[in-house]
Amino acid sequence: MNRRQFVAATAAATLAAPFVRSAAAQTAGLAGPTQATAGVIDISERVTGYTVDSVRNHSINAYFVKGPQGTVAIDTLWRIPEAREALDGFPALTGRPTEDISAILITHMHSDHYGGLETYRAASGGAPAFATRTVHRVIANDEHGFYANRIEDFGADIPANIPVPEPGLADGVPFESGGLLIEPTVLRGNEALETTLLYLPEERVLFTADFVNNRTTPVFYQGEIDNWITQLKGLRTRFPEAETIAPGHGPVGDFDELVRDEIAYLETFRSLVEDELERGGGAVTAAGTQRIKDRIVDAFPDWRTSAGVPSRNRLIELNIDWTLRGWRIEGPGAGSPAEFREG
Ligand SMILES: [Zn+2]
């Protein structure tokens, strides 16, 4: 049995068990803000996209970039219904049929960005889908184990077989399709194991995936908060002419404003955890966890949850665990993939 068959078999065996805990948590008062953001993204005549308000209080973005001979799609949302919603809006949004999609680019290996890939492929009449070699490998082998969880949660709303993009994006190698030129920059060890930032020089737009989001609780699953902050601080140097950030989650915004907000959240969170470690003599106590939650929510009240975790409060708890694990300090919980749903 290969890995894909294993995933499918596991899913079949577990579909009978509903995801009761998350369904309940979804309606919990501690879920955080859930303002509706679904709708069209309109950056320029050439750059548009679609935001869906998905299950579990999530807002997820996908983008379309029109070239003279085709349209490049960036990310594909996480389930079939959301991908259909975006593609149904595609003709009105772009003035082109979905068959105009000439390539599909996947920014990173989290399933809220590639789960709709088969729906895109079908609507485009078989456009090629590309990611970096590493992203291809991690998705193909479900190395985080996330896709199996998704099948368990969503059943037929995501493909039974993992949709896999081919290797075709690499750091510093311009990508061409539809008469467009897109410049990929690959950064490792941040929100994801690896994130491909895609820059469109003609429009000065940077597609940041979840490396920079907008008012969305970051995910420290990789335990790389320090590296991520360093990379964020160097972003302006890498893209001296960028003006706009098109994020994976939350509204499109000004480059410097969104980078500044992301750094502020990460640095605030890091210093809160460091303070509690000191206070707890090298460990974060239960009371310390509560204080971190209270203070970070107080400082960033309108930041939504993400990572498939229905409750923002739960995501912050997991973020503490993952950060401590990244620092080689044992946290109050394991924070295993089974305890959350990634984004
Ligand atoms: Zn995401």
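Residues numbered from 1 in each chain as written. Predicted model: local features only at pLDDT ≥ 70, side-chain atom pairs only at ≥ 80, totals over all residues. Heavy atoms only, no water.

As recorded by an unreviewed UniProt entry, the protein carries the name beta-lactamase and is attributed to Pontivivens ytuae. The heading Subcellular location (unreviewed entry) in the UniProt record of the protein holds the text "Periplasm". Recorded under Sequence similarities (unreviewed entry), the UniProt text for the protein is reproduced unchanged: "Belongs to the metallo-beta-lactamase superfamily. Class-B beta-lactamase family." (UniProt positions renumbered as here; feature names shortened; annotations may be inferred.)

### Re the overall build of the protein
Check the secondary structure of the protein and you find 12 helices and 13 strands. Within the protein, the fraction of its 343 residues that count as buried is 57%. For the protein, long-range pairs separated by at least 24 residues make up 67% of all intrachain contacts whose partners lie at least 6 apart in sequence. Looking at the protein as shown, the accessible area adds up to about 13,200 Å², and 50% of this sits on carbon and sulfur atoms. (Helix = DSSP H or I, 4+ residues; strand = E, 2+ residues; numbered from the N terminus. Buried < 20%, exposed > 50% of the residue type's maximum accessible area, 1.4 Å probe, protein only. Contact = heavy atoms within 4.5 Å. Areas by Shrake-Rupley, 256 points an atom, 1.4 Å probe, with all protein chains shown as cover.)

### Digging into the packing of helix α8 (residues 225-233) against helix α10 (residues 255-279)
For the pair α8 and α10, the least separation of the axes is 10 Å and the interaxial angle reads 155 degrees. By the criterion of interaxial angle, the relationship of α8 to α10 is roughly antiparallel. Judged by the sense of rotation from one axis to the other, the crossing of α8 with α10 is left-handed. Taken together, the residues of α10 that come into contact with α8 (itself represented by I225, D226, W228, I229, L232 and K233) are V259, E262, I263, L266, E267, F269 and R270. Within the contact of α8 with α10, the residues separate by chemical class into eight nonpolar, no polar and five charged. (Axes fitted to C-alpha atoms, helices over the stretch in contact; angles between N-to-C directions. Parallel < 35°, antiparallel > 145°, perpendicular 65-115°, else oblique. Left-handed = near helix turned anticlockwise from the far one by under 90°. Nonpolar A, V, L, I, M, F, W, Y, C, P; charged D, E, K, R; others polar.)

### Considering the pairing of strand β12 (residues 244-247)
Taking every second residue as pointing to the same face, both faces of β12 are buried, with T244 and A246 on one and I245 and P247 on the other. Strand direction decides the pairing type here: β12 and strand β13 (residues 253-254), joined by two bridges, are antiparallel. Among the inter-strand pairings, T244 is bridged to a residue of β13, identified as D254. Taking the residues between adjacent antiparallel strands as the criterion, β12 and β13 are bridged by five residues, where G250 takes a positive phi near 90 degrees. (Pairing = 2+ DSSP bridges.)

### Concerning unusual backbone geometry
For D75, which is not glycine, the phi dihedral falls at a positive 65 degrees. Within the secondary structure, D75 sits in the loop between β4 (70-74) and α3 (80-94). On the accessibility criterion, D75 (4% relative accessible area) is buried.

### Thoughts on the sheet that holds β13
Spatial strand order, β8-β9-β10-β11-β12-β13: six strands in an open sheet with mixed pairing. Pairing within the sheet leaves two strands with one partner each, and these edge strands are β8 (175-177) and β13.

### Digging into the packing of aromatic side chains
Aromatic ring pairs are reported here in terms of the distance separating the ring centres and the angle at which the planes meet. With the rule as written, the count across this model stands at 15 aromatic pairs. Judged by centre distance (4.9 Å) and plane angle (25 degrees), the rings of Y265 and W303 are stacked. Residue Y265 is located in helix α10, and its partner W303 is located in the loop between α11 (286-299) and α12 (312-326); the two are separated by 38 residues in the primary sequence. Here Y265 matches W303 in class, with each residue buried. A cation over an aromatic ring shows up here: R79 above the ring of F154, its NZ or CZ 5.0 Å from the ring centre. (Phe/Tyr/Trp six-rings, centres within 6.5 Å; stacked < 30°, edge-to-face > 60°. Lys NZ or Arg CZ within 6 Å of the ring centre and 35° of its normal.)

### Notes on the side chain of R121
With respect to the helices, strands and loops of the structure, R121 is situated in helix α5 (residues 117-124). Apart from residues lying up to four places away in sequence, R121 is in contact with I104, G126, A127, A129, V164 and P165.

### As for the nonpolar core
Counting residues in hydrophobic clusters, the biggest one holds 41 residues, and the most contacted among them are L235 and F269. Secondary-structure elements contributing two or more residues to this core are β10 (194-200), α8, α10, α11 and α12. With 10 residues, the single largest contributor to this core is α10. With residues near it in sequence (within four places) discarded, L235 still touches L197, L206, F211, V212, F255 and V259. Ranked by size, the runner-up nonpolar core spans 35 residues in total, among them L87, F90, Y120 and V135. (Core = buried A, V, L, I, M, F, W, Y, C linked by side-chain atoms within 4.5 Å.)

### A look at the packing of α10 against α12
Direction vectors running N to C along α10 and α12 enclose 70 degrees, while the axes themselves pass 11 Å from each other. In terms of axis orientation, α10 runs roughly perpendicular to α12. Side by side, α10 and α12 meet where Y265, F269, V273 and L277 of the first sit next to I316, N319, I320, T323 and L324 of the second. Grouping the constituent residues of the contact of α10 with α12 by class yields seven nonpolar, two polar and no charged.

### Concerning α3
Compared with an ideal rise of 1.5 Å per residue, which puts 15 residues at 21 Å, α3 spans 21 Å between its outermost C-alpha atoms and is within 8% of the ideal. The sharpest bend along α3 comes to roughly 25 degrees, located at D88, with the proline P91 sitting one to four residues further on. All of the buried residues in α3 are I80, E82, A83, A86, L87, F90, L93 and T94. In the segment just after α3, G95 is the residue with positive phi, at about 75 degrees. (Expected span 1.5 Å × (residues − 1). Bend = angle between axes of the 7 residues up to and from the residue.)

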